[in-house]
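# Inside the fold
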Amino acid sequence: MLGPRATRATGGIMPSVTGLRRWPVRNDVDIGIGADVGLFGLGGDAHWLGVLTGPTAAARFMPFRAPLSFELAARLDFGRIPVCNAWGLCLRYLGFFPAMEAGAAYLSTQHVAIVATCGVRFISTLAWSGVSVEPAAAGRIFW
């Protein structure tokens, strides 16, 4: 829910796709650069639809022999988000909405991982400014 007294959530589930090209730095560390795109507010009225897309940079650390990694990502997303006030009036804002995300991934096979992350997105609009907390679960396919 965006805004201190918002009457309707403007977020919800956000299906997204991220593509990264990764390079090894050391045996247990790699970095990646890519892009992401996500939509939220699906299934509702068009004025609730939010779209975020932009460049992504990530680092992954695999400290153990176990198939577990820890990750940190930075996103500079551009897009449109709806923000509602206490009276139910909603405005759509275009702008940059950067985010930081930390997580852990379990490599279940050589090319598939299960990921749990939590991110924080900075939102600054005329109606409301603050941070949005974004927990997520994902599946990853890589080759």
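An account of the accompanying structure is given in this report. (Residues numbered from 1 in each chain as written. Predicted model: local features only at pLDDT ≥ 70, side-chain atom pairs only at ≥ 80, totals over all residues. Heavy atoms only, no water.)

As a further point, take the overall build of the protein. Each helix and strand counted, the protein has zero helices and seven strands in total. When the helices and strands of the protein are read in sequence order from the N terminus, they spell out β-β-β-β-β-β-β. Taking all 143 residues of the protein together, 31% fall into the buried category. Across the protein, every contact between residues at least 6 apart in sequence was considered, and the portion connecting residues at least 24 apart equals 46%. Accessible surface for the protein amounts to roughly 8,900 Å². Of this, 67% is attributable to carbon and sulfur atoms. (Helix = DSSP H or I, 4+ residues; strand = E, 2+ residues; numbered from the N terminus. Buried < 20%, exposed > 50% of the residue type's maximum accessible area, 1.4 Å probe, protein only. Contact = heavy atoms within 4.5 Å. Areas by Shrake-Rupley, 256 points an atom, 1.4 Å probe, with all protein chains shown as cover.)

The next subject is a nonpolar patch on the surface. A cluster of nonpolar side chains, namely Trp23, Val25, Ile31 and Ile33, defines an oily patch on the protein surface of about 390 Å² accessible area. Taking relative accessible area as the criterion, Ile31 reaches 41% and is therefore assigned partly exposed. (Patch = residues over 30% accessible without salt bridge, like charges linked within 9 Å, V, L, I, M, F, W, Y side chains within 5 Å. Salt bridge = Lys/Arg side-chain N within 4 Å of Asp/Glu carboxyl O.)

A separate point is the nonpolar core. Counting eight residues, the largest nonpolar core consists of Phe40, Leu52, Ile81, Val83, Tyr93, Phe97, Ile123 and Trp128. Counting only elements with at least two residues in this core, the list comes to strand S4 (68-84) and strand S5 (90-107). (Core = buried A, V, L, I, M, F, W, Y, C linked by side-chain atoms within 4.5 Å.)

Attention now goes to the pattern of salt bridges. Taken as a whole and assessed by the stated rule, the structure comprises eight salt bridges. For Asp30, the salt bridge is made with Arg22, and the minimal N-O distance between the two is 3.2 Å. We note that Asp30, like Arg22, is buried. Residues Arg60 and Asp30 are paired through a salt bridge, measuring 2.6 Å at the closest nitrogen-oxygen approach.

What follows is about the packing of aromatic side chains. Counted by the stated rule, this structure contains two aromatic pairs. Ring plane angle 75° and centroid distance 6.3 Å describe the contact between Phe64 and Phe70, whose orientation is recorded as edge-to-face. (Phe/Tyr/Trp six-rings, centres within 6.5 Å; stacked < 30°, edge-to-face > 60°.)

The pairing of strand S6 (residues 112-124) with strand S7 (residues 129-141) spans 13 bridges and is antiparallel. Note on S7: the bridge partner recorded for Ala113 is Arg140. Taking the residues that link successive antiparallel strands as the turn, the S6-S7 hairpin has four residues. (Pairing = 2+ DSSP bridges.)

The next thing to look at is the environment of Cys118. Mapped onto the fold, Cys118 is located in strand S6. Separated by 46 residues in sequence, Cys118 and Leu72 have C-alpha atoms that sit 9.9 Å apart. When neighbours within four sequence positions are excluded, Cys118 is seen to be in contact with Met100, Glu101, Ala102, Val133, Glu134 and Pro135.

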